[in-house]
Amino acid sequence: MAGTIYRKPVAFALLATATVLVGTVVTMLYPMLRPEMHPRLESLKPFTALQLAGRDLYQREGCVNCHTQTVRPLRTEVLRYGDYSKAGEFAYDRPFLWGSKRTGPDLAREGGKRPDGWHVKHLENPQSIEPRSNMPPYAFLSRGKLVPATVRAHMDALGFPYAGEEIAALAQKTEMDAMVAYMQVLGSAVPRRAGGGEVLALDERNPLGDSPDAIARGHKLFAENCSVCHGDEGHGQPDIAPSLTDDVFLGEKGDMGDGAYFTLISGGSDAKKAIGRKGDQAGGMTAFGGQLAKDDIWALISWLRAQQAHERKEAPPMEKVEHQGGQPEQHQGGRP
Amino acid sequence: MNEYRYDYRTVQGFILSAIFWGVVGLLIGMLLATQMFTAAANFPPYLTFGRLRPVHTNGLAFGLGVGSIFGLSYYIVMRLCRRPLLFPRLARVQLWLFNAGIAAAAVTLLMGYTQSLEYAELEWPLDIAIVVLWVMFAVNVFGTIVKRREEQMYVSLWYVIATVVAVAVLYIVENLSIPAGPFKSYHLFAGVNSANVQWWYGHNAVGFVFTTPILAMFYYFLPKSTGLPIFSHRLSIVSFWSLVFAYLWTGAHHLVYTPLPDWIQTLAIVFTMFLIAPSWGSVVNGYYTVGADWSKMRSNYLTKFFVVGITFYGLQTVQGPTQALRVVSQLIHFTDWVPGHVHMGTMGWVTMTVTASIYYVIPRIHDTEIHSEKIANLHFWLVLVGQLMFSVTMWITGIQQGALWKATNPDGSLKYTFVEGLVRNYPYWHLRALAGLVFLAGMVLFVYNVLMTIRKGKAREAQPSPAPATA
């Protein structure tokens, strides 16, 4: 060992710096010079002014401390959240917001999964949707106003394109609007791969039928998975989710077969095409195919059918039709 | 002694400031631990988990950690160079700027001004202030070392020098950003590249804040407090160079299974494995040093702090590489396991070593004895038990979380919804908060002991001593 270096502080400092820089150059600087570190999907668009304002708020509130934004290429993770994250999805993310802790669920594929109304209700009071949640309430976002000039400065700093009226329109928007807009754009550069979405013949019969066991299990599953949006009895909630007990299915009058129900529950909103009904434009039915076993979905349908039969008994058909004729929007939740 | 008087007051200023920010950071930690299982413990908009968490990490890493590093490094540098600091007044200005900086950091973070980069949350005006602080530190350290009165530079000085240069490079590159307002900026690097720069920084900030300067303390204060010379100088040399070489390759182990190119992940994993060797070089050196006379564990109250501290360093540096392996990462990444790991390093290795070093320094500054060895011993046990409860609880939680996320039904569908997994953490999170309380109790005793020692020292200085004390 050359002992003299330990008597020459300047030489020592230079040598230490050089030693530290080797790994830095190889693993940080050199990759930066390669195109593989700067990928961009063709389908990826820069954030709009409202979305960027939402992203700024996501940063301000430290959401990244509890929510990740990267789906790992692991089977169960893809089932739970959707397609695994692609390098080219993050070209406009300065900084990246992948996070390092998943106290709450991953949000990389959140866009389009749930309706706007759900997000507003959930952000304002998370426990109103999931009583066991530990998420803090963000009701103050609904009172916060956006400052168009600030958002414009941020858009300019990032070099994102925008129209003047887009900025002007921000004056009418709340922080909540921005946050929800950001939630809805997350993951949208990649076509949604519904978690385990399975398409059945629309008129396929429920193999469990109306067995009491299935209905009881379906009721429990409904309470755990569906009631947060569709209400305890399946009557729906305004601005969030439609009623499941009326004879309107995916926005059109006339019920459909068990197979259509299964396909929709399994594949979520993405399954609308396979079913052939448009439903609500902003509809955000979650795909449960990855989370619920096939028999569980059938059990849910057993309970839904029992519930529908129960409703029909309670309200005579004539009265119900008149009622609906009077307020056609009621069961759809009146979403714009 | 008189020659050092002014500088020792600066050292003590840094130590007391560090302790103050440490207490603040720990109290915020307690609030965060409570928020994990009670949403009602959030007080929006300022006191929510999302805004408080960086105040906790920055407060402890930069307030307690860097504050102690400034103070204790200056002490070590002066002793090993056999001279006072070259720029005593600069160090005093640095002390005030340091406190102003940490206070401003806490306030701006609570206001939501953040870069969202872990351990580099502070916005650009504060980044500039921190660079200025670091330059002040570097000037004084290098100036004093260049003008030293002892030819050979001891191993602690190597680690201090490595800390100064590495942190400078890391901090400046990581914080390069596009300013977009007085307290708003966007990372110069985007997406995958942003991630790679962040974890190159994030991991090495841990390496050069929680490792090298703490090793500098360990290599200095262990022999000083036990009177036993370091076992092997050659082992120190090998460990030092291999540690500072290998550390910088490993950041991407934080990005296993992300869209970062695979080769960077794999390279990081390989070097992380290698890093066990230099880490354990210091562990072995520590054990064999005390091994010359194990009775010091009984006769000298500080020895056990250092031995247990280096033991946690050893465990930490084996657990870390294990986590980097893909097969382990896929289970524990994003879970509570990881905070469990971090807290073993900070509450075990760093806290043990730093508090013992402070126990060594404070009485010497005032030419007195520690207020109470009994309290120090109680502090030791509370901190040890609290940290073990904390870490073990978090590891169990993490494995459970990972397992529930991966659990499937016989038909391949997921067995648990996210919330079903979440609610099963609550009992563990209660236990973790309790562990935090035990640890906090230990730290309160430490603070009390330090303050009482200073009081004793001041009382002693106030009365004219019959004969000048000699060290």
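None of these values were measured; they are calculated from a predicted model.

Conventions adopted
- Residues numbered from 1 in each chain as written.
- Chains lettered and ligands numbered in written order.
- Predicted model: local features only at pLDDT ≥ 70, side-chain atom pairs only at ≥ 80, totals over all residues.
- Helix = DSSP H or I, 4+ residues; strand = E, 2+ residues; numbered from the N terminus.
- Rg over C-alpha atoms; globule rule 2.2 N^0.38 Å.
- Buried ≥ 20, exposed ≤ 12 C-beta atoms within 10 Å, placed from the backbone.
- Contact = placed C-beta atoms within 7 Å.
- Domains from an automatic or database assignment.
- Nonpolar A, V, L, I, M, F, W, Y, C, P; charged D, E, K, R; others polar.
- Pairing = 2+ DSSP bridges.
- Axes fitted to C-alpha atoms, helices over the stretch in contact; angles between N-to-C directions.
- Parallel < 35°, antiparallel > 145°, perpendicular 65-115°, else oblique.
- Left-handed = near helix turned anticlockwise from the far one by under 90°.

Within chain B, the regular secondary structure consists of 17 helices and 2 strands. Relative to its length of 471 residues, chain B is compact, with a C-alpha radius of gyration of 22 Å against a globular reference of 23 Å. Principal-axis analysis of the C-alpha atoms gives chain B an extent of 85 × 50 × 50 Å. In chain B, buried positions account for 56% of the 471 residues. Taking contacts inside chain B between residues at least 6 apart in sequence as the whole, the part at least 24 apart equals 83%.

Residue and element names in this part refer to chain A. One can read the domain layout of chain A as domain 1 (49-185) and domain 2 (212-332). Distance from the C-alpha centre of domain 1 to the C-alpha centre of domain 2: 28 Å. Contacts between the two partners involve 12 residues from domain 1 and, on the opposite side, 12 residues from domain 2. Mapped onto the side of domain 1 that touches domain 2, the elements with two or more residues apiece are α3 (75-81) and α4 (116-124). In terms of residues, the side of domain 1 that touches domain 2 owes the most to one element, α4, which gives 4 residues. Of the residues assigned to the side of domain 1 that touches domain 2, the class counts are 4 nonpolar, 2 polar and 6 charged.

Quick look at the pairing of strand β2 (residues 184-187) of chain B now. Side-chain positions along a regular strand alternate between the two faces of the sheet. All names here are of chain B. As paired strands, strand β1 (residues 177-181) and β2 are joined by 4 bridges and run antiparallel to one another. Bridge pairing in β2 links S177 to H187. The hairpin turn running from β1 into β2, its antiparallel successor, is 2 residues long.

All names here are of chain B. It is the contact of helix α7 (residues 212-226) with helix α14 (residues 337-365), at a shortest axis distance of 10 Å, that shows an interaxial angle of 45°. The angle between α7 and α14 falls in the class oblique. As α7 packs across α14, the resulting crossing turns out to be left-handed. Taken together, the residues of α14 that come into contact with α7 (itself represented by I214, M217, F218, F221, K224 and S225) are W349, V350, T353, V354, A356, S357 and Y360.

Across the boundary between the two partners, chain A contributes 77 residues, which contact 77 residues of chain B. The element that contributes the greatest number of residues to the side of chain A that touches chain B is helix α1 (residues 9-32) of chain A, accounting for 15 residues. Per-class residue counts for the side of chain A that touches chain B are 39 nonpolar, 23 polar and 15 charged.

Backbone torsion omega between R94(A) and P95(A) reads -5°, so that peptide bond is classified as cis. Mapped onto the elements of the fold, P95(A) is located in the loop between α3 and α4. Look at the link from P44(B) to P45(B): it is a cis peptide, with omega at 0°. The residue P45(B) is located in the loop between α1 (5-35) and α2 (49-81) in this model. Of note in the backbone geometry, S116(B) takes a positive phi value of approximately 60° without being a glycine. Examined against the element boundaries, S116(B) turns out to sit in the loop between α3 (88-110) and α4 (124-146). Within the chain, D367(B) stands out as a residue other than glycine whose phi angle is a positive 50°. If you trace the backbone, D367(B) turns up in the loop between α14 and α15 (373-406).

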